[in-house]
Amino acid sequence: MIQIFIHLLVLLIFPPLLPGVVNKTKALFAGRTGAPFFQLYYDIFKLMKKGMVISSTTTWVFTVAPVITLSCVLIAGLIIPIGNAPSCIFFTGDFLVFTYLFGLARFFTTAAALDTGSAFEGMGSSREVTFASLIEPALFFAFIVLVKLTGSLNLSGMVKAGSAIQYHTGSIASLVMIILGLYILFLAENSRIPVDDPNTHLELTMIHEVMVLDHSGPLLGIIEYASAMKFFVIGSILINIVISIFSITGWINYIVFIAGMLILSFVVGVTESIMARLKMSRVPSLLISSILLCGSSFIILLR
Amino acid sequence: MNEFINVLFVIILILNLFALGNSRILTIIRIVALQGIILGALPLFIEHHITIPLLISSVAAIILKGFVIPLIMMKALRDAQIKREVEPLIGLLPSTIFGGLVTALVFFISSQVETTNQPEVSLLIPTSFATILIGFILLITRYKAISQVLGYLVLENGIYIFSLLLIEAIPMVVEMGMLLDLFVSIFIISIITNHINKAFSSLDTRNLSSLKE
């Protein structure tokens, strides 16, 4: 009971801190002071108090999409385990639900973008969907590897790959490969720098930002909150796998988990500071390299 | 410890794919250098008791493959003053996929073959063959002389991994001889590269096949 309470607390309150850590790291690299860690909380509160401007060309899809996105991410957040405790919901095959909850969220985001009738937003949706089709195989290869390692068919068991299995040769090697593959996937899914620049509003570079241009006020606040939570949810898979390699048990798990998420945000900040955004035509090759990484880790495991 | 060695092998495989997919020669030089450093350090992890000759040959390999050869190549690249982009025969993405498929095939085949190999280095043979084949792909699909040298280096790295199987049997003199050969060949190739550049004002090796008075 108390574990579920902690899970919900962490899931609801913690995520907006992470983009703050990323931005602070980037500011540190650039020699600026940067926005405070809690900037995104302030932004969300500010947006919640504002009014909305809704274009007359839009239909109900436009208003409902951010809410659906947030609820999809929230349910996905209930499926993933936090720390050592099992997640709130788990059942056989829940990783499929997990993946397609993001699919549903993406569908509604792109549908809302198309609903505005702006050519600019249509372009963003087209990019988002194209890249998503390359992200999915990599994610499934990673899941197959985890299933093969643990023999468990739900996410709570799967992400404990390191501690749950009797080691056989090459299991850590393939775990390292999928961690790297999932990291690329994590950057792509959260529209971070090598794939998409979250700060710019340029026609050439935008993917996610372009789709939410027409949203304002509380709807934009919900979108910001949902994308922070998505960062948290996908990152927590990565962190859970890394933590499980060093088998830590007990209450300290939560602390290690939170520290892991902060370190992950720091690493994302470093990645964004030292890398340039890739040319749009080169992005698919990065995503395919993540498919190759996850795929070859599966092959290493099979032998 | 075995797991750690396997992780190193996996990093080598990943670096292979990155070398295939990268568009800048300078980055590929750095990738190959990193691969060389990891390779140089490998014997220290595989061997259980470290001897002085082993240490010397390992340090020599790290210095040569990780620092000297990359510096020579960077200098050759600077002197040639060419565009730093790779010009592949088949695109970067297809060649990366091709490399991935080759790696998969090697792993599949090596799982079918019975070896007397000790389990602690079970990834050694597939990694070495995959690296050799990817070196071949780099050699075949690139036009510029410098990129071809990089393919040769990756190929040599693959052979070096295979020779780790015989780590106890190879005397230090032979190993040093191999490193000297590598050094001399890279040295000569860099000079030749410069001459190709002077003669044709590009590094495109296709120019070499055209006959003229």
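The text that follows walks through the structure, step by step, so that each part is easy to find. (Residues numbered from 1 in each chain as written. Chains lettered and ligands numbered in written order. Predicted model: local features only at pLDDT ≥ 70, side-chain atom pairs only at ≥ 80, totals over all residues. Heavy atoms only, no water.)

1. Re the overall build of chain A
Check the secondary structure of chain A and you find 13 helices and 0 strands. Shown N-terminal to C-terminal, the secondary structure of chain A runs as helices and strands in the order α-α-α-α-α-α-α-α-α-α-α-α-α. Relative to the 2.2 N^0.38 estimate, which gives 19 Å for 303 residues, the radius of gyration of chain A is 19 Å and therefore close to what a compact globule would have. When its C-alpha atoms are laid out on the principal axes, chain A stretches across 60 × 45 × 45 Å. By residue count, 57% of the 303 residues in chain A fall in the buried class. Within chain A, counting contacts between residues at least 6 apart in sequence, those at least 24 apart form 80% of the total. Total accessible area on chain A is roughly 12,700 Å²; 71% of this is exposed by carbon and sulfur atoms. In chain A, 16 side chains carry a positive charge and 14 a negative one; their mean positions are 9 Å apart. (Helix = DSSP H or I, 4+ residues; strand = E, 2+ residues; numbered from the N terminus. Rg over C-alpha atoms; globule rule 2.2 N^0.38 Å. Buried < 20%, exposed > 50% of the residue type's maximum accessible area, 1.4 Å probe, protein only. Contact = heavy atoms within 4.5 Å. Areas by Shrake-Rupley, 256 points an atom, 1.4 Å probe, with all protein chains shown as cover. Lys, Arg positive; Asp, Glu negative; His and termini not counted. Charge placed at Lys NZ, Arg CZ, Asp CG, Glu CD.)

2. As for the packing of helix H3 (residues 39–49) of chain A against helix H11 (residues 217–245) of chain A
Residue and element names in this part refer to chain A. Viewed as axis vectors pointing N to C, H3 and H11 meet at an angle of 150°, and their least axial separation amounts to 7 Å. The angle between H3 and H11 falls in the class roughly antiparallel. As H3 packs across H11, the resulting crossing turns out to be left-handed. Contacts between H3 and H11 involve Leu40, Ile44, Leu47 and Met48 from the former and Gly217, Pro218, Leu220, Gly221, Ile222, Glu224, Tyr225 and Ala228 from the latter. Grouping the amino acids of the contact of H3 with H11 by side-chain chemistry returns 9 nonpolar, 2 polar and 1 charged. (Axes fitted to C-alpha atoms, helices over the stretch in contact; angles between N-to-C directions. Parallel < 35°, antiparallel > 145°, perpendicular 65-115°, else oblique. Left-handed = near helix turned anticlockwise from the far one by under 90°. Nonpolar A, V, L, I, M, F, W, Y, C, P; charged D, E, K, R; others polar.)

3. A look at helix H4 (residues 60–79) of chain A
Residue and element names in this part refer to chain A. An ideal rise of 1.5 Å per residue puts 28 Å on 20 residues; H4 measures up with 29 Å between its terminal C-alpha atoms. At Pro66, H4 is bent by approximately 25°, the largest bend along its length. Regarding H4, the residues found buried are Val61, Phe62, Ala65, Pro66, Thr69, Leu70, Cys72, Val73, Ala76, Gly77, Leu78 and Ile79. Buried residues in H4 make contact with helix H1 (2–13), helix H5 (94–115), helix H7 (155–158) and H11. (Expected span 1.5 Å × (residues − 1). Bend = angle between axes of the 7 residues up to and from the residue.)

4. Looking at empty space enclosed by the protein
One pass over the full model with this rule turns up 6 cavities of 30 Å³ or more. Taken as a whole, the largest cavity holds about 150 Å³ of empty space. Ile135, Leu139, Leu185, Glu189 and Ile234 of chain A are the residues nearest the centre of the largest cavity, which is lined by 15 residues in total. Elements with a minimum of two residues in the lining of the largest cavity: H5, helix H6 (119–150), helix H9 (171–189) and H11 of chain A. Partitioning the lining of the largest cavity into residue classes produces 11 nonpolar, 1 polar and 3 charged. Counted as a void, the second largest cavity has a volume near 80 Å³. Lining the second largest cavity, in full, are Pro43, Leu54, Tyr160, Ser163, Leu164, Leu166, Ile167, Ile170, Glu175 and Met178 of chain B. Looking at side-chain class alone, the lining of the second largest cavity contains 8 nonpolar, 1 polar and 1 charged residues. (1 Å grid on protein atoms, 1.4 Å probe; cavity = no way out; pocket = protein on both sides within 12 Å on 5 of 7 lines; lining within 4 Å. Points joined across faces, edges and corners; volume = space filled by probe spheres on them.)

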